[in-house]
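These are the residues of each chain, in order.
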Amino acid sequence: MRYLLSLLLFSISFFGISQTNEVPKKYVLDVTQFYGSILLHNPDISHLITNHPGGIILGVSRKTYGHKEWEADFGYPDTGFTFAYQNTNNTTLGEHFGLYGHYNFYLLKRNVQLRVAQGLAYNTNPYDKEENFRNNAYGSHILSSTLLMLNYHKENIVAGLGMHAGLSFIHYSNANFKAPNTSTNTFAFNLGLNYTLDSDTSYEYLKPKLTGEIREPIRYNLVLRGGANESDVINMGRYGFAIVSAYADKRLGKRSAIQFGTDVFFSNFLKELIRYQSIAFPELDVASDTDYKRVGVFLGHELFVNKMSVVAQLGYYVYYPFDFEGRMYNRIGMKRYFGDKVFGALTLKSHGAKAEAVEFGIGVRL
């Protein structure tokens, strides 16, 4: 259910950006075939890398022409939705069906397109202790997924028909919502066609009037985050968690701000993991009454895009009584502002490439 809520939140936010009552409305459809390899990012999945995966990517994108200021600031990107099907060609891993919201960013006089897509995928054959115990990559049917495509991209070569070719990267993980969660990363070559609707109609790219430099004092933020996750020990159980974050931010300009703050983590799955290790692994010398709470400090950056923003933070635990995945942690995700002060947040907290949890948060910026 939390993954469905994740998709709903993302879709609502994305829909709010991409839709407008103003003309023009120009769309591009695309179909892409890909073929590649699953990368060995963790030796625990080496037994699952047996064949080359392949699949198809379908997309619908809407052009922007600068009717909103953020569109011009980011080089008139497209907004849209992507569907991706991947056959891993491995019966243990199964197949993937993914739905994403995406942005297409353009480089080199709009000849190179970078698609950044985030969404959810359905896996047909996750881990099962009796029927599919070899699949230690996915512990659930529903997975979060990130898709990146970097293509040489030409539109409307002949009668609205164009082509594109390049590289793709697809990540699948359930962010430790259910163990196991070793995850997979697919790197692939792709080739496809695109078709521009109303190809005979052209629109001018607008350059909005400059609004001037944004100057703000230091702002103070308070965020409450929560969710559920579990440890890597299969069948240990899923537990809720809460995180209280307080930080200050300072705008560097119209689109960026830097952050400095602290997190206090109440991760209940660690209670059970501490108890388990104290009993099952006495050689680890873990006391059963070890505190499960953690406190971290972090530096971050926020990129403002209309009513949405993208956040990235790097933290260090200053209070760390139980050793779990190391003292460094990172967080990436999105925020959606509702008015000038209140915001919702959907973020992924990790230790390097090892995800710990998907966090749902609500906060205030004063």
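Residues numbered from 1 in each chain as written. Predicted model: local features only at pLDDT ≥ 70, side-chain atom pairs only at ≥ 80, totals over all residues. Heavy atoms only, no water.

Undergrad: Help me out: how do you make sense of the overall build of the protein chain in this one?
TA: Scanning the protein chain for helices and strands turns up three helices and 16 strands. By the compact-globule yardstick of 21 Å for 366 residues, the protein chain fits well, its C-alpha radius of gyration being 22 Å. Projected onto the principal axes, the alpha-carbon positions of the protein chain cover approximately 75 × 55 × 30 Å. Taking as baseline every contact in the protein chain between residues at least 6 positions apart, the subset at least 24 positions apart corresponds to 63%. Accessible surface for the protein chain amounts to roughly 17700 Å². Of this, 62% is attributable to carbon and sulfur atoms. Taken together, the 36 basic and 32 acidic charged side chains of the protein chain have centroids lying 7 Å from each other. (Helix = DSSP H or I, 4+ residues; strand = E, 2+ residues; numbered from the N terminus. Rg over C-alpha atoms; globule rule 2.2 N^0.38 Å. Contact = heavy atoms within 4.5 Å. Areas by Shrake-Rupley, 256 points an atom, 1.4 Å probe, with all protein chains shown as cover. Lys, Arg positive; Asp, Glu negative; His and termini not counted. Charge placed at Lys NZ, Arg CZ, Asp CG, Glu CD.)

Undergrad: Any chance you could explain the sheet that holds strand E7 (residues 161–173) here in plain terms?
TA: Hydrogen bonding along the main chain pairs the strands of a sheet, whether they run parallel or antiparallel. Within the closed barrel, the eight strands sit side by side as E1-E2-E3-E4-E5-E6-E7-E8. Their pairing is antiparallel. Here the strands of the sheet are splayed against their neighbours by 25° on average, with no regard to which way each runs. The pairing of strand E3 (residues 78–87) with strand E4 (residues 95–107) spans ten bridges and is classified as antiparallel. Among the inter-strand pairings, Thr79 is bridged to a residue of E4, identified as Tyr103. (Pairing = 2+ DSSP bridges. Axes fitted to C-alpha atoms, helices over the stretch in contact; angles between N-to-C directions.)

Undergrad: Which parts of the structure should I look at to understand the pattern of salt bridges?
TA: One side chain can pair with another of opposite charge once the charged atoms of both are near each other. The tally for this structure, following the rule as stated, stands at 18 salt bridges. The salt bridge partner of Arg365 is Glu216, with a shortest N-O separation of 3.0 Å. One end of the pair, Arg365, is in strand E16 (residues 354–365); the other, Glu216, is in the loop between strand E8 (184–196) and strand E9 (219–229), with 149 residues separating them in the sequence. Taking the relative accessible area as the measure of exposure, Arg365 reaches 4% and is therefore buried. A salt bridge links Asp249 to Arg365, with the nearest nitrogen and oxygen atoms 2.8 Å apart. One end of the pair, Asp249, is in strand E10 (residues 239–251); the other, Arg365, is in strand E16, and 116 residues separate them in sequence. Classification of Asp249 by relative accessible area gives buried; the value is 0%. (Salt bridge = Lys/Arg side-chain N within 4 Å of Asp/Glu carboxyl O. Buried < 20%, exposed > 50% of the residue type's maximum accessible area, 1.4 Å probe, protein only.)

Undergrad: Is there a simple way to think about the layout of surface pockets in this case?
TA: To find the voids left in a structure, one rolls a probe of water-molecule size over its atoms. The computed volume of the second largest pocket comes to approximately 430 Å³. Surrounding the second largest pocket, 17 residues form its lining, Arg251, Phe304, Asn306, Lys307 and Asp340 being those nearest its centre. Each residue belonging to the lining of the second largest pocket can be placed in one class, and the counts come to four nonpolar, three polar and ten charged. (1 Å grid on protein atoms, 1.4 Å probe; cavity = no way out; pocket = protein on both sides within 12 Å on 5 of 7 lines; lining within 4 Å. Points joined across faces, edges and corners; volume = space filled by probe spheres on them. Nonpolar A, V, L, I, M, F, W, Y, C, P; charged D, E, K, R; others polar.)

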